[in-house]
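Commentary on secondary and tertiary structure
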Amino acid sequence: MASADSETRPQEAIPQAVKIIIAGGFGAGKTTLVASVSEITPLSTEEVMTEASYGVDDTGGVEQKTTTTVALDFGRITINDDVVLYLFGTPGQDRFWFMWDELAEGALGAVVLADTRRLDTCFHAVDFFERRGVPFVVAVNRFEGSTVYREEEVREALDVSAEVPVVLADARERESCKEVLVELVTHVIRGRNPVMSG
Amino acid sequence: MRTDGVHGRGAAASALPEEVFRRSEPDARSHDEEFGQERFLRPFAVTAGDPDAHAVLGPESSGLDMLSLVVAARVPGRHEWLRPERGAILGHALRARTVVELAAEVRLPVGQVRGIVAAMVADGSLQRCGPSRSLGRQDILHAVLVGLRSL
Ligand SMILES: Nc1nc2c(ncn2[C@@H]2O[C@H](COP(=O)(O)OP(=O)(O)OP(=O)(O)O)[C@@H](O)[C@H]2O)c(=O)[nH]1
Ligand SMILES: [Mg+2]
């Protein structure tokens, strides 16, 4: 018997949703990169957090709570009928670790955007993915007027292992972003198939 | 001092405040004390006795992550105006949608949408759905590589 339900069932194939994380310091170009390759205008959503602080006033040790919102932006690339790739920019503020935890969970890999004006701002992202065992590439985003680094200099400054690709990029250029993502996925595949990396 | 041998990164950052390194802990939630006066928590709401209240749920409590797929199991009904968020979610979920897309579309925080979606799955308004074809990780990676190259 036909039910109302069957009319709302999707006729088309439901693709598998996979994700890549775009991380880096504040203002490193994460949102720009997502926008450059996304097939949709990057969507933005928020996570609301409770900020708890202790003993900051004479209520002495009583927990104060206020809420803070963190913006999370993401883009989408339809790969084929079976796979849709989501790109998530990490929240600019690096203290929101639980967001990172969830974002990293099940991610294919990550791009760490290194901002040449302040290379140190991506250290925590490098640490995070290294410790989590999430494969990543470092994309060096050059800003006008900042020091021009060579790949080896960045590699040395960030102290990433030799197999981690370090590529120069411009987050505003679609082609450049595409290359970064291809580099990442190639790196992930290579990592899982050492025999093929010869 | 860092003791994990990441000397290059540590040395280059020696001028940075200590804080930067404390924040490098992989699981800050278990290191809240180190943050000093403040810490950030995933919020929650107590909804006892109010079926329309929306719990703000995390991935653990709801069983839904940002990319979990749901689809409408019914069309928005005439009582939906009482709970406009639910109506909006149903409207956007006529085709399978991820939780995070629904959040962006209805302009509500992910945690809240997760709570509403979990409630709607529980009451049968939404259905969770898996991909039509489940591919292995290598197949996915190869598809993604080919797809990206041909962008
Ligand atoms: N010169 C140059 N400018 C860039 C590049 N990428 C981004 N920008 C600019 O840098 C600014 C910050 O870029 P966003 O993409 O917003 O950086 P973000 O990492 O998302 O920043 P937060 O989310 O605030 O941490 C914008 O004005 C961009 O236009 C780049 O590759 N080169
Ligand atoms: Mg941004």
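Residues numbered from 1 in each chain as written. Chains lettered and ligands numbered in written order. Predicted model: local features only at pLDDT ≥ 70, side-chain atom pairs only at ≥ 80, totals over all residues. Heavy atoms only, no water.

In this section: the pairing of strand β4 (residues 83-89) of chain A. Residues and elements named next belong to chain A. Among the seven residues of β4, seven are classified as buried, and the element is accordingly described as predominantly covered. A two-sided burial pattern is seen for β4, the buried positions comprising Val83, Leu85, Leu87 and Gly89 on one face and Val84, Tyr86 and Phe88 on the other. Note that strand β1 (residues 16-24) and β4 share seven bridges and pair parallel. The partner of Ile22 across the bridge, within β4, is Gly89. (Buried < 20%, exposed > 50% of the residue type's maximum accessible area, 1.4 Å probe, protein only. Helix = DSSP H or I, 4+ residues; strand = E, 2+ residues; numbered from the N terminus. Pairing = 2+ DSSP bridges.)

Residue and element names in this part refer to chain A. Around ligand 1, the structure places 16 residues, and the nearest of them are Gly27, Lys30, Thr31, Thr32 and Asn141. Within the backbone of Ala28, one N or O atom sits 3.1 Å away from an oxygen atom of ligand 1. The separation between an oxygen atom of ligand 1 and a polar main-chain atom of Ala171 is 3.0 Å. Compared with its free state, where it exposes 650 Å², ligand 1 has 71% of that area covered by protein. With three residues, helix α2 (residues 30-37) is the single largest residue contributor to the shell around ligand 1. Across the shell around ligand 1, the residue classes break down as four nonpolar, seven polar and five charged. (Near = heavy atom within 4 Å. Polar contact = N/O pair within 3.5 Å; in protein donor to acceptor, adjacent residues only side chain to side chain. Areas by Shrake-Rupley, 256 points an atom, 1.4 Å probe, with all protein chains shown as cover. Nonpolar A, V, L, I, M, F, W, Y, C, P; charged D, E, K, R; others polar.)

Below, the discussion takes up the confidence of the model for chain A. Residues and elements named next belong to chain A. A residue-level look at chain A finds 80% of positions with pLDDT of 70 or above and a mean pLDDT of 83. Ranking the elements of chain A by mean pLDDT puts helix α1 (residues 4-8) last with 46 and β4 first with 96. Within the model, pLDDT remains below 50 along residues 1-8, and this stretch shows eight contacts once partners closer than five positions in the same chain are excluded. Counting contacts from residues 194-198, a segment whose pLDDT is below 50, to residues more than four positions away or on other chains yields one contact. (pLDDT = per-residue confidence, 0-100. Contact = heavy atoms within 4.5 Å.)

On to the packing of aromatic side chains, then. Residue and element names in this part refer to chain A. Using the criterion set out here, one finds six aromatic pairs over all chains in the structure. With centroids separated by 5.2 Å and ring planes inclined at 70°, the aromatic side chains of Trp100 and Phe128 adopt a geometry described as edge-to-face. Placement of the pair is Trp100 in helix α3 (residues 97-104) and Phe128 in helix α4 (residues 123-132), with a sequence separation of 28 residues. Across the pair, exposure class does not vary: Trp100 and Phe128 are buried alike. Joined through ring pairs, the aromatic side chains of Trp100, Phe128, Phe129 and Phe136 make up one cluster. Sitting over the face of the ring of Phe143, Arg117 holds its NZ or CZ atom 3.6 Å from the ring centroid. (Phe/Tyr/Trp six-rings, centres within 6.5 Å; stacked < 30°, edge-to-face > 60°. Lys NZ or Arg CZ within 6 Å of the ring centre and 35° of its normal.)

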